[in-house]
Amino acid sequence: MTEIALALFLFAALTALVYAHVGLDNILRSYRIWFEEDYWVNYNVVEAIAWIAKAAVVFPGLVWKREIW
């Protein structure tokens, strides 16, 4: 339980540090771009699918210690 609490604390602290350094407005503007139709050109679609595929492989290994290969 201590490891989970420490991991959550570090995640929150590092995320807050990055958001404070970059600026919340800049980050929110970047997130809003994802919902614009012009953003989704071929290479961004391919990259999004690649991230989803990577998550599908890594996530089960991290959470359930199972490989899908």
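Predicted, not measured: the structure shown is a model, and the values here were computed from it.

### Considerations on the overall build of the protein
So, point 1. Counting secondary structure elements, the protein contains three helices and zero strands.
So, point 2. Helices and strands appear in the protein in the N-to-C order α-α-α.
So, point 3. Overall, the protein is about 45 × 40 × 15 Å in size when its C-alpha atoms are taken along their principal axes.
So, point 4. Here the protein, with 69 residues, has 4% of them falling under the buried criterion.
So, point 5. Carbon and sulfur atoms provide 71% of the accessible area of the protein, an area that totals close to 6600 Å².
So, point 6. Here the protein contributes 5 positive and 7 negative side-chain charges, whose respective centroids are spaced 9 Å apart.

### Regarding the pattern of salt bridges
Where charged atoms from two side chains of opposite charge come close, those side chains can pair.
So, point 1. Applying the stated rule across the entire model yields one salt bridge.
So, point 2. Among the salt bridges present, the one from Asp25 reaches Arg29, with a minimum N-O distance of 3.2 Å. In this pair, Asp25 and Arg29 are both assigned in helix H2 (residues 24–33), four residues apart and thus about one turn of the helix distant.
So, point 3. Here Arg29 falls in the partly exposed class, since its relative accessible area comes to 43%.

So, how was this worked out
Residues numbered from 1 in each chain as written. Predicted model: local features only at pLDDT ≥ 70, side-chain atom pairs only at ≥ 80, totals over all residues. Heavy atoms only, no water. Helix = DSSP H or I, 4+ residues; strand = E, 2+ residues; numbered from the N terminus. Buried < 20%, exposed > 50% of the residue type's maximum accessible area, 1.4 Å probe, protein only. Areas by Shrake-Rupley, 256 points an atom, 1.4 Å probe, with all protein chains shown as cover. Lys, Arg positive; Asp, Glu negative; His and termini not counted. Charge placed at Lys NZ, Arg CZ, Asp CG, Glu CD. Salt bridge = Lys/Arg side-chain N within 4 Å of Asp/Glu carboxyl O.

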